[in-house]
Amino acid sequence: MEGQARVGGHVTLIFSVHDDADALLEQGSRGAGLSLDRGVMVAVSGMKGTGIVSFDGDDSTPLYGVVFEELAALLPSTLEFDWQVKPRSELPISQGFGLSAAAAIACALAVQRALGEEEKIARARAIHIAHRVERRLSGGLGDVAALHVGGVELRIEPGCPPLDADLGGPGAVLSWHAEIPLVLAWRMSARQHTSNYIDDGDWKLAIKAAGEQALFGLREGRWEPARWGEMLAKSAEFAERSGLLEDAGRIDLLHLVGGALIAAGLASSPLAARLCMLGESVVVLPTDLSYAGDWQQALVEDLRSRGLGASVAHVCGDALNLRSHDPS
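Bear in mind that the values here come from a model prediction, so they are computed numbers and not experimental data.

Student: When you look at the pattern of salt bridges in this model, what are you seeing that I'm missing?
Tutor: Close approach of charged atoms lets side chains of opposite charge pair. Evaluated as defined, the whole model comprises 20 salt bridges. A salt bridge links Arg30 to Glu157, with the shortest nitrogen-to-oxygen separation between them at 3.2 Å. Of this pair, Arg30 sits in strand β2 (residues 28–48) while Glu157 is found in strand β5 (residues 152–157), placing the two residues 127 residues apart along the sequence. Arg30 gets classed as buried once you look at its relative accessible area, which sits at 14%. With a closest N to O distance of 2.8 Å, Glu69 and Arg136 form a salt bridge. Placement of Glu69 in helix α1 (residues 62–74) and of Arg136 in helix α3 (residues 119–136) is noted, with a sequence separation of 67 residues between them.

Listed below in structure tokens is the structure:
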């Protein structure tokens, strides 16, 4: 039997750390960000056995083993089969694109689809499991909650959101959806990892203070497309106030992207570059949601000529159910 899932990644623009609770489902972050239409594909095949997990390829990260542990706790029939897992990432890992969350969700969904589980409860289990996996491995704090709702999200309370079948936690997240064109850019090698920040006391304090200040105004009023410009302004403030802009050479990365915008003839276009937290990466997006210029591919080509990785992407309203795709 076989199953597969393709789940989009996520870009965090603003966040504050809330990981003091003992219960993993209560840990998380407040924040704002974007779900992506590019992420992780996981294909699984199972045959009668004793729960042995093997990998097709070189991506044998501990994350998938922890997913199976958590899944077996909720769905014991998982252990009645041996599993082969074949993951494929469409974006680089550890670069601020939420791929550990996407991979955990995709793996949990693929296995449940192979087992014939009903899709609604499978999604609830996958979100519940992925949030626990992320916290067990000191991965992302809010990517799973964000991907649960998709689109442009505002996480107003930390933790996994409430889910069907009495799963989930006390988190709360709002979102609105629009297919917004983006370009993602990243350094070809990352020097930092999420845990280096969220497990460090000084960084946690700086990030939390800056994040809460940025989110204070965003949490007032309706969360809707009219708040887009405000979110972009607050995200720039957050990057500077938190100290993340000056760390890991991120300001130099922004300058590189700015040079690419000029070289691609886009200096006067309504586009802005924002840091993806917590990678060494940038998302370029329109400041005016009505902007329909043909700009993405030209910018990608110029960014690549400067030695950066780059990809066209879009904001995605349902990041848990992307169609199969062979990225170019």
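And the narrative resumes.
Student: I keep staring at the nonpolar core and nothing clicks. Help me out?
Tutor: Burial of nonpolar side chains together is a common tendency in soluble globular proteins. Of all hydrophobic cores here, the largest spans 107 residues; its most connected members are Phe15, Ile105, Met231 and Val284. It is helix α2 (residues 99–115) that contributes the most residues to this core, 14 residues altogether. Aside from chain neighbours lying at most four places away, what touches Met231 is Leu13, Ile14, Ala32, Leu34, Val152, Leu218 and Trp223.

Student: Mind showing me how you'd approach the packing of aromatic side chains here?
Tutor: Here the distance between the centres and the angle between the planes together describe a pair of aromatic rings. In total, this model carries seven aromatic pairs according to the counting rule given. Residues Trp176 and Trp228 carry aromatic rings whose centres are separated by 6.0 Å and whose planes lie at 75° to one another, so their mutual orientation is edge-to-face. Of this pair, Trp176 sits in strand β6 (residues 172–176) while Trp228 sits in helix α7 (residues 228–242), and the two are 52 residues apart along the sequence. Neither Trp176 nor Trp228 differs from the other in exposure class; each is buried. Considering the side-chain rings of Tyr197 and Trp203, the 5.0 Å spacing of their centres and the 75° angle between planes classify their relative orientation as edge-to-face. Here the aromatic cluster, defined as three or more aromatic residues joined through ring pairs, consists of Phe68, Phe81 and Trp83.

Student: Quick question: what am I supposed to make of the sheet that holds strand β7 (residues 181–186) here?
Tutor: Hydrogen bonds between backbone atoms are what pair the strands of a sheet, whose relative direction is either parallel or antiparallel. Strand order across the open sheet formed by four strands is β8-β9-β7-β10, with antiparallel pairing between neighbours. Where the open sheet ends on each side, the last strands, each with one partner, are β8 (271–275) and β10 (309–314). Going from strand to strand, the sheet's axes swing by 25° on average, the running direction of each strand aside. Inspection of the sheet shows β8 paired to strand β9 (residues 281–286) by five bridges, in the antiparallel sense. Opposite Ala272, over in β9, you have Leu285 as the bridge partner. Lying over the sheet, α7 contacts β8 and β9, oriented at roughly 45° with respect to β8.

Scoring rules and cut-offs
- For every chain, the first residue of the written sequence is number 1, and numbering continues from 1 onward in sequence order.
- Residues qualify for local features only when their pLDDT is at least 70, as the model is predicted, and side-chain atom pairs are given and counted only at 80 or more; totals for whole chains, interfaces and linings, by contrast, use all residues.
- The side-chain quantities take in all heavy atoms of the structure and omit both hydrogens and water.
- What counts as a salt bridge is simple: a side-chain nitrogen of Lys or Arg found within 4 Å of a carboxyl oxygen of Asp or Glu.
- A helix here means a DSSP run of H or I that spans at least four residues, while a strand means a run of E at least two residues long, and both kinds are numbered starting from the N terminus.
- Throughout, exposure labels follow a simple rule: accessible area from a 1.4 Å probe, protein chains only, divided by the maximum for the residue type, with under 20% read as buried, over 50% as exposed, and the rest as partly exposed.
- Grouping buried Ala, Val, Leu, Ile, Met, Phe, Trp, Tyr and Cys residues that are joined through side-chain atoms within 4.5 Å yields what is termed a nonpolar core.
- We call two residues in contact when some of their heavy atoms are within 4.5 Å.
- Note on aromatic pairs: the rings of Phe, Tyr and Trp (six-membered ring only in Trp) are paired at centre separations within 6.5 Å, and the planes decide the class, stacked below 30 degrees, edge-to-face beyond 60, tilted for the rest.
- Here a strand pair is declared whenever DSSP counts at least two bridges between the two strands.
- A fitted line through C-alpha atoms serves as each axis, taken over the contacting stretch for helices, and the angle formed by two N-to-C directions is quoted from 0 to 180°.

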